[in-house]
Amino acid sequence: WIKPRYLANQRERDRTHSVNSAFVELRHLIPTEPADRKLSKIETLRLAVSYINHLHSVLTLPNVTHNHCAFIKMRNNDNNHGEHEGGDQHLCTFCVNHSSLSS
């Protein structure tokens, strides 16, 4: 007879292992410098969001030159529901990193 607490603990260990495995996979998809840098979970999530924004900008914004996306920050508030606001541009982390590597 297996006690319910033991089963609950095993399910939690399995869940934790699954989440950690997903973070390892995500870390391998995000370019970092140095390439073998160990990222925390929050760093991984923040860089993943930034990288997705970078890729989206490279694919959708006109006039992307020299591999610089200069992506537009998204604002989520009740007035614009996530629409782009003009003039609020900055160079993203991945463009800066690419520039320093190619110099």
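Just so it is clear, the structure is predicted and the values come from calculations on it, not from any experiment. Residues take numbers from 1 onward in each chain, read along the sequence in its written order. Under the rules for a predicted model, residues below a pLDDT of 70 receive no local features and side-chain atom pairs below 80 are neither given nor counted, while totals for whole chains, interfaces and linings still include all residues. For the side-chain quantities, the full set of heavy atoms in the structure was used; hydrogens and water were omitted.

S.K.: Help me understand the overall build of the protein, please; the structure alone is not making it clear to me.
M.R.: Secondary structure elements are taken from DSSP: a helix is a run of H or I of four residues or more, a strand is a run of E of two residues or more, and numbering for both begins at the N terminus. When its secondary structure is counted, the protein shows three helices and two strands. Reading the secondary structure of the protein in the N-to-C direction produces α-α-β-β-α. The cut-offs for exposure are 20% and 50% of the maximum accessible area for each residue type, with area from a 1.4 Å probe on protein chains only; residues under the lower value are buried, those over the upper are exposed, and the others partly exposed. A total of 103 residues make up the protein; the buried ones form 20% of that total. It only takes one pair of heavy atoms within 4.5 Å for two residues to be counted as in contact. Restricting the contact set of the protein to residue pairs at least 6 apart, pairs at least 24 apart contribute 24%. Total accessible area computed for the protein in this model is approximately 8100 Å², and 56% of it derives from carbon and sulfur atoms. A 1.4 Å probe and the Shrake-Rupley method give the accessible areas. Residues count as covered only by the protein chains that appear here.

S.K.: Help me understand the pattern of salt bridges, please; the structure alone is not making it clear to me.
M.R.: Opposite charge on two side chains makes pairing possible when the charged atoms of those side chains draw close. Salt bridges, as used here, are contacts in which a Lys or Arg side-chain nitrogen is within 4 Å of a carboxyl oxygen on Asp or Glu. What the rule picks out here adds up to two salt bridges. Between Glu12 and Arg15 there is a salt bridge; the shortest N-O distance is 2.7 Å. Taken as a pair, Glu12 and Arg15 lie in helix H1 (residues 4-29) at a separation of three residues, close to a single helical turn. With a relative accessible area of 45%, Arg15 lands in the partly exposed category. As a salt-bridge pair, Arg37 and Glu43 come within 3.0 Å of each other at their nearest N and O atoms. Owing to a relative accessible area of 38%, Arg37 belongs among the partly exposed residues under this scheme.

S.K.: Whenever I open this one, the confidence of the model for the protein confuses me. Can you help?
M.R.: Reading predicted coordinates in detail is not appropriate for stretches of low pLDDT. Counting all residues, the mean pLDDT for the protein is 75, and 63% of those residues have values of 70 or more. What pLDDT reports is the predictor's confidence in each residue, on a scale of 0 through 100. The secondary-structure element of the protein with the lowest mean pLDDT is strand S1 (residues 72-74), recorded at 47, while H1 shows the highest, at 96. Here residues 72-87 is modelled with pLDDT under 50, and outside its nearest four sequence neighbours on either side it reaches 17 contacts, counting other chains as well.

S.K.: Please explain H1 as it appears in this structure.
M.R.: Given 3.6 residues per helical turn, the α-helix brings residues three or four places apart onto the same face. One fewer than the residue count of a helix, multiplied by 1.5 Å, yields its expected span. In this model H1 runs 38 Å from its N-terminal to its C-terminal C-alpha over 26 residues, within 8% of the 38 Å that 1.5 Å per residue would give. Inspection of H1 places Ala8, Phe23 and Arg27 among the buried residues, and these make up the whole buried set. Packing partners of the buried residues in H1 comprise helix H2 (41-60).

S.K.: Can you help me understand a nonpolar patch on the surface in this one?
M.R.: Patch criteria: residues need more than 30% relative accessible area and no salt bridge. Like-charged residues are merged within 9 Å; nonpolar side chains of Val, Leu, Ile, Met, Phe, Trp and Tyr are merged within 5 Å. A surface patch of nonpolar side chains, about 300 Å² in accessible area, is lined by Ile2, Tyr6 and Leu7. Mapped onto the fold, Ile2 is located in the segment before H1.

S.K.: Please explain the packing of H1 against H2 as it appears in this structure.
M.R.: A pair of packed helices is captured by two measures, namely the crossing angle of their axes and the spacing between those axes. Each axis is a line fitted through C-alpha atoms, taken for helices only over the stretch in contact, and angles between the N-to-C directions span 0 to 180 degrees. As a packed pair, H1 and H2 sit with axes 10 Å apart at the nearest point and diverge in direction by 45°. The pairing of H1 with H2 is recorded here as oblique in orientation. Here H1 runs over H2; the crossing is left-handed. Between H1 and H2, the residues in contact are Asn20, Phe23, Leu26, Arg27 and Leu29 and Lys41, Thr44, Leu45, Ala48 and Tyr51, respectively. Here roughly perpendicular refers to angles of 65 to 115 degrees, roughly parallel to angles under 35, roughly antiparallel to angles over 145, and oblique to all remaining angles. By definition, turning the near helix anticlockwise from the far helix through less than a right angle yields a left-handed crossing, and turning it clockwise yields a right-handed one.

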